[in-house]
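# A structural walkthrough
Okay, here's what each chain looks like letter by letter:
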Amino acid sequence: MIKRDKLVPYLYLLPALVFLLLVYIPIFQNIGDSLYNWSTFSPDKAFVGLDNYFTLLKDPVFYEALKNNILYAVISIIFQVFGGLIVAAILEDKLIRKFSPIFRTVYFLPVVVSMTVIALLFSFFYNPEVGLLNQFLEMIGLNNLAKPWLGDSETAIYAVIAVSQWQSIGYIAMLYIVSIQKISPELYEAAEMDGANKIKTFFHITVPATKEMTFVAVILTLTGAFTVFNEPYILTGGGPGTSSEVLSTYLYKTAFSKDMMGYASAIATVILIITLLISLVQMKIFKTGKEDS
């Protein structure tokens, strides 16, 4: 009986340990695969050490994809994190709160729709001939701004990023709504009595009180920006040329179109390192902020 009681806690830990193995074994296997040149059609692997990484450092497409991921991250922080916080603060304002359930549904609906479906819908929206965007611009007299948004190398990546912002801002807003609801109403009442307007209340009460949720939202947004795949792959396939290529689409093409599995593994390892560094830096900043406060 005593031995069985001692064994029970380990049985509860077993599913978590199995999950960790399922996550970490492929990660380490991928790192090992990046040290070889190999093909899915051949059982032979040629050890090349760090050659795949040195090749990556001289690859212009890699830098183009990395630049697009960084652009993705910057725009996502502005629109998803700060935009989501603003949307949440507006929906939790006492003047709008009674209509809040309706607006929450409207904002959150894109989150539950498949990104494949959303990307296909936006491909029609951006269509240069019959798309709603160009028709709207022509209707308001801005014909000179109408263009093939997904077919122009200058606008393709921005058009793709816009789809992600539209789809994800509702999720971040819902996270902030939960955080804002935990703020004591007495703080807002005291600020109102002191004559603070809504903007001052937002920056001096809402923003500081939701900093922990901001930490979570920033990590989710940045890691999402560096692992994004569906939107660019479905909407543009990384084109025109490589103008909307991101690391994940470049990885996919390298692995399954060019059959350069070792090189693709190196790209995957770089994505892992970037997302890991982002998480560590964010955790360090958050820990330092908590100690200072």
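Please refer to the structure placed before this passage.
Conventions used here
- Residues numbered from 1 in each chain as written.
- Predicted model: local features only at pLDDT ≥ 70, side-chain atom pairs only at ≥ 80, totals over all residues.
- Heavy atoms only, no water.
- Axes fitted to C-alpha atoms, helices over the stretch in contact; angles between N-to-C directions.
- Helix = DSSP H or I, 4+ residues; strand = E, 2+ residues; numbered from the N terminus.
- Parallel < 35°, antiparallel > 145°, perpendicular 65-115°, else oblique.
- Left-handed = near helix turned anticlockwise from the far one by under 90°.
- Contact = heavy atoms within 4.5 Å.
- Nonpolar A, V, L, I, M, F, W, Y, C, P; charged D, E, K, R; others polar.
- Buried < 20%, exposed > 50% of the residue type's maximum accessible area, 1.4 Å probe, protein only.
- Arc of directions from axis to C-beta.
- Polar contact = N/O pair within 3.5 Å; in protein donor to acceptor, adjacent residues only side chain to side chain.

Where helix H4 (residues 100–112) contacts helix H7 (residues 156–181), the two axes come as close as 6 Å, and the packing angle between them is 130°. The angle between the axes of H4 and H7 places the two elements in the oblique class. Crossing of H4 over H7 shows left-handed handedness. Between H4 and H7, the contacting residues are Arg104, Tyr107, Phe108, Pro110 and Val111 on the first element and Trp166, Gln167, Gly170, Tyr171, Met174, Ile177 and Gln181 on the second. Here the residues of the contact of H4 with H7 sort into 8 nonpolar, 3 polar and 1 charged.

All right, on to the packing of H7 against helix H10 (residues 211–227) then. Where H7 meets H10, the closest approach of the two axes is 10 Å, and the angle between their N-to-C directions is 165°. As the angle between them shows, H7 and H10 are arranged roughly antiparallel. Crossing angle aside, the handedness with which H7 passes H10 is right-handed. Packed against H7, whose contacting residues are Tyr171, Ile172, Leu175, Tyr176 and Ser179, the element H10 presents Met213, Thr214, Ala217, Leu220 and Thr221 at the interface.

Within helix H9 (residues 198–209), the full set of buried residues consists of Thr201, Phe202, Ile205 and Thr206. The buried residues of H9 occupy an angular sector of 120° when the element is viewed end-on, so they sit on one face. When the buried face of H9 is taken as reference, the exposed residues oriented beyond 90 degrees from it are Ile199, Phe203 and His204. Turning to H9, the residues buried within the fold contact helix H3 (60–91), H7 and helix H8 (185–193). By the N-cap criterion, in which a side-chain oxygen at the helix start approaches the backbone nitrogen of a residue two or three places on, H9 is capped by Asn197, the distance to Ile199 being 3.2 Å.

On to the environment of Phe79, then. Tracing the backbone through its elements, the reader meets Phe79 in helix H3. On the basis of relative accessible area, Phe79 is assigned to the partly exposed category, the value being 48%. A sequence separation of 73 residues divides Phe79 from Asp152, and the C-alpha atoms of the two residues are 23 Å apart. The contact partners of Phe79, leaving out residues within four places of it in the chain, are Gly84, Gln165 and Ile169.

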